Every structure is written in C-alpha cells, then in structure tokens.
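Here is how the chains run, residue by residue.
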Amino acid sequence: MQKSQGNFMQGKFITIDGVEGAGKSTQSDLIYQYLADKGINIKRTREPGGTEMGEKIRTLLLSNSTGKMHADTELMLMFAARNEHIQNKIIPALAQGDWVLSDRFSDASYAYQGGGRGLNMARISQLESWVLQSFTPDMTFLLDVPVEIGMKRIESRGEKDRIEQESLDFFNRVRNVYIERSKQYPDRIKLIDASQSVENTLSQIQEILKML
Ligand code: Z5A
C-alpha cells in the first residue's frame, strides 16, 4: 500500500476539498475534462462514499433520519468508508496507472470532525495513521471561500443534510482548520481562492496541475 514500496504506483492521486459552496463539484468536472483532454485516464470518486459500502455509510452519515450520532462514531464511520475506498478503489486504480480525483479525503476529517466537532487532532491523526499508513494524496486543492459566500451559493438547494444543518460557527471552524493545514503542508495542499469566478478558480488550479 505504501507509495514508498518502489514504483508500482504509477498514477497520481488528487483530492479536492473545502467548505460547502466552495465549488468542488464544479471544479472536479473541469479538472477531469482538462486531464482527460491531455490523454490521462482519470477516475472520479468522492468521500464519504466511492464504493458500494462507502455509499451506504455515506447515507448513514448524512441522512437526517439517522438522528443523533456521537462525534467519535462519525469520525470512525468516515474512516471506515475511507478504508474501503483506499483498499478497493483508489489503490487498485493507481496501481494500474490511472489517476484518481477524489471529491474530499482525510483533510475533511480534520476540518469537520476536528475543527467542527472539536475532536482531538492527535486522535484523528492516530486513526489516519492506522488507516492510511504512509498513503497520502499527491496533491490537494483546497478551494477556500468565506463561509457566508459558500452558504449563499447553495441556499437554493433543497433540504439540508445532517451535517449541513450545523451553525455558521461550526463551518468557520472547519474553514480555519483547512487553512491551517494548507500552511502545515504547503507542498501538498494548494490553497485556491475559490471566491473568484469559475474560470479564474480553474486557471489557478491549472497553473498548479502543469507542475505535476
Ligand atoms: N465530511 C466530513 O464531515 N468528514 C469527512 O471526513 C468527509 C466529509 C470526507 C458531504 O460532503 C459531507 O461530508 C460534507 C462534509 C462531510 N458536509 N457538509 N456539510 P460533500 O462534498 O458531498 O457535500 P458538499 O460539501 O455539499 O459538496 P458539493 O455538493 O460538491 O458542493 P460544492 O463544493 O459547493 O460544489 P458545487 O456544487 O460545485 O458548487 C455549489 C454551487 O455554487 C453551485 O450552484 C455552483 O454552480 C456554484 N458555484 C460553483 N463555483 C462557483 C463560483 N466560482 N462562483 C459562483 N458560484 C459558483
């Protein structure tokens, strides 16, 4: 599983993250098209989810009918889904030379369960080491947008899911953790000003993709 075990990981693993309304889905479509046009075989996926079991866990995590859930349970379910995702989808794709583009990955657990829910970061890190070992994305695009702008963009959507119903303070804590992590891991996490237009946001991303 470790990328350090020689060259068998041929593909690149790219993740995209950020608060609600940052435009992850919009930019994922465009990144996919940009890379596909360059002849790269790229698989799109998402978290929580990405596998049959992961999608079932996603439903449990996001459905309002799930009711109250302990924050530790939420964290462990995110990582349970992630383990399936890594073992059964991401690693096999990378090993056969495909690139993988995931809408969210483990930075989201630090941001939402650590920042939002207030779970201890060191414990999240222990769980991450257990599940990911040394596996890590080659590059992460953090689409950063003030929470109020993100909320405005998605206000026309229907009913909010279990996590979307959290407060503005919750999402500001989420955003702050993302920004902190981009400072902590500047080589991997590229902070993109996603308050710009779709086109300007994409061109910031493309400049970085050219370096991969
Ligand atoms: N979660 C967690 O807690 N812990 C974890 O470890 C993981 C996840 C992995 C599901 O995520 C939830 O899981 C999420 C975090 C939690 N919870 N919450 N709340 P999700 O990624 O599936 O859900 P989402 O955040 O709502 O993602 P999304 O649907 O992809 O939304 P988006 O990033 O905002 O993307 P969008 O659809 O492209 O953009 C939203 C709207 O803005 C849309 O109308 C666009 O046309 C518009 N838009 C996009 N870009 C722009 C620009 N540049 N300008 C103006 N308008 C724009």
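Reading the values: rules and limits
- Residues numbered from 1 in each chain as written.
- Predicted model: local features only at pLDDT ≥ 70, side-chain atom pairs only at ≥ 80, totals over all residues.
- Heavy atoms only, no water.
- UniProt positions renumbered as here; feature names shortened; annotations may be inferred.
- Helix = DSSP H or I, 4+ residues; strand = E, 2+ residues; numbered from the N terminus.
- Buried < 20%, exposed > 50% of the residue type's maximum accessible area, 1.4 Å probe, protein only.
- Contact = heavy atoms within 4.5 Å.
- Lys, Arg positive; Asp, Glu negative; His and termini not counted.
- Charge placed at Lys NZ, Arg CZ, Asp CG, Glu CD.
- Near = heavy atom within 4 Å.
- Polar contact = N/O pair within 3.5 Å; in protein donor to acceptor, adjacent residues only side chain to side chain.
- Areas by Shrake-Rupley, 256 points an atom, 1.4 Å probe, with all protein chains shown as cover.
- Pairing = 2+ DSSP bridges.
- Axes fitted to C-alpha atoms, helices over the stretch in contact; angles between N-to-C directions.
- Core = buried A, V, L, I, M, F, W, Y, C linked by side-chain atoms within 4.5 Å.
- Left-handed = near helix turned anticlockwise from the far one by under 90°.
- Nonpolar A, V, L, I, M, F, W, Y, C, P; charged D, E, K, R; others polar.
- Salt bridge = Lys/Arg side-chain N within 4 Å of Asp/Glu carboxyl O.

In the nomenclature of an unreviewed UniProt entry, the protein chain is known as Thymidylate kinase of Bathymodiolus azoricus thioautotrophic gill symbiont. Recorded under Sequence similarities (unreviewed entry), the UniProt text for the protein chain is reproduced unchanged: "Belongs to the thymidylate kinase family." The Catalytic activity (unreviewed entry) comment attached to the protein chain in UniProt states, word for word, "dTMP + ATP = dTDP + ADP".

> What is the right way to read the overall build of the protein chain from this model?
Per the secondary structure count, the protein chain includes 8 helices and 5 strands. The order of α-helices and β-strands along the protein chain, N terminus first, is β-α-β-α-α-β-α-α-β-α-α-β-α. Each principal axis of the C-alpha distribution contributes one length, and for the protein chain these read about 45 × 40 × 30 Å. Sorting the 212 residues of the protein chain into buried and exposed places 50% on the buried side. Relative to all contacts within the protein chain whose residues are 6 or more apart in sequence, the contacts with residues 24 or more apart total 78%. If the 27 positive side-chain charges of the protein chain are averaged to one point and the 28 negative ones to another, these points end up 1 Å apart.

> Help me understand the site of the ligand in this model?
If you check the shell around the ligand, you find 28 residues, and the closest are Glu20, Gly21, Ser25, Thr26 and Arg104. Between the ligand and the protein, one listed contact pairs an oxygen atom with a side-chain N or O atom of Ser109 at 2.7 Å. Taking Arg153, its side chain carries an N or O atom lying 3.3 Å from a nitrogen atom of the ligand. Protein chains shield 82% of the accessible area of the ligand, which is 1100 Å² for the free molecule. When residues of the shell around the ligand are traced back to their parent elements, those giving at least two are helix H1 (24-37), helix H2 (52-62), helix H3 (71-95), helix H4 (107-116) and helix H6 (147-154). Per element, the largest residue contribution to the shell around the ligand is 4 residues, and it comes from H4.

> Please clarify how the sheet that holds strand S2 (residues 42-46) should be interpreted in this entry.
Strand order in the open sheet formed by 5 strands is S2-S3-S1-S4-S5, and the pairing between neighbours is parallel. Two strands close off the open sheet at either side, each with one partner strand: S2 and strand S5 (189-193). Between one strand axis and the next, the sheet turns by 20° as a mean value, whatever way the strands run. In this structure, strand S1 (residues 13-18) lies alongside strand S3 (residues 99-103), joined through 4 bridges in parallel fashion. Within the sheet, the bridge partner assigned to Phe13 lies in S3 and is Val100. With respect to the sheet, H3 is in contact with S1, S2 and S3, its orientation differing from that of S2 by roughly 165°.

> Help me out: how do you make sense of the nonpolar core in this one?
Side chains of a nonpolar character, in soluble globular proteins, are inclined to be buried together. Core analysis: the largest hydrophobic core is formed by 58 residues, its most contacted members being Leu35, Tyr112 and Phe141. In this structure, Tyr112 is in contact with Gly18, Val19, Glu20, Arg104, Arg117, Ile163, Phe170, Phe171, Val174 and Tyr178, ignoring residues within four places of it in sequence.

> Explain the packing of H6 against helix H7 (residues 168-184) here, please?
The packing of two helices is summarised by the inter-axis angle and the distance between the axes. Taken N-terminus to C-terminus, the directions of H6 and H7 make an angle of 115°; their axes are 10 Å apart at the nearest point. For the element pair H6 and H7, the recorded crossing hand is right-handed. Residues Val147, Glu148 and Met151 of H6 touch H7, and the partners they reach there are Leu168, Phe171, Asn172 and Arg175. Looking at the contact of H6 with H7 residue by residue, the class counts come to 4 nonpolar, 1 polar and 2 charged.

> Even after reading the chapter, I still don't get the UniProt feature "domain: Thymidylate kinase-like" (unreviewed entry) in the protein chain, so can you show me in this structure?
Per the UniProt record, "domain: Thymidylate kinase-like" (unreviewed entry) is found at residues 16-205. Taken end to end, residues 16-205 is 55% helix and 13% strand, and its two terminal C-alpha atoms sit 10 Å from one another.

> Whenever I open this one, the pattern of salt bridges confuses me. Can you help?
Opposite charge on two side chains lets them pair, provided their charged atoms get close. What the rule picks out here adds up to 18 salt bridges. Between Arg162 and Glu74 there is a salt bridge whose closest N-O contact spans 2.5 Å. In this pair, Arg162 sits in the loop between H6 and H7 while Glu74 sits in helix H3, placing the two residues 88 residues apart along the sequence. Judged by its relative accessible area of 1%, Glu74 falls in the buried class. A network of salt bridges, in which partner residues are shared, links Glu74, Arg117, Arg162 and Glu166.

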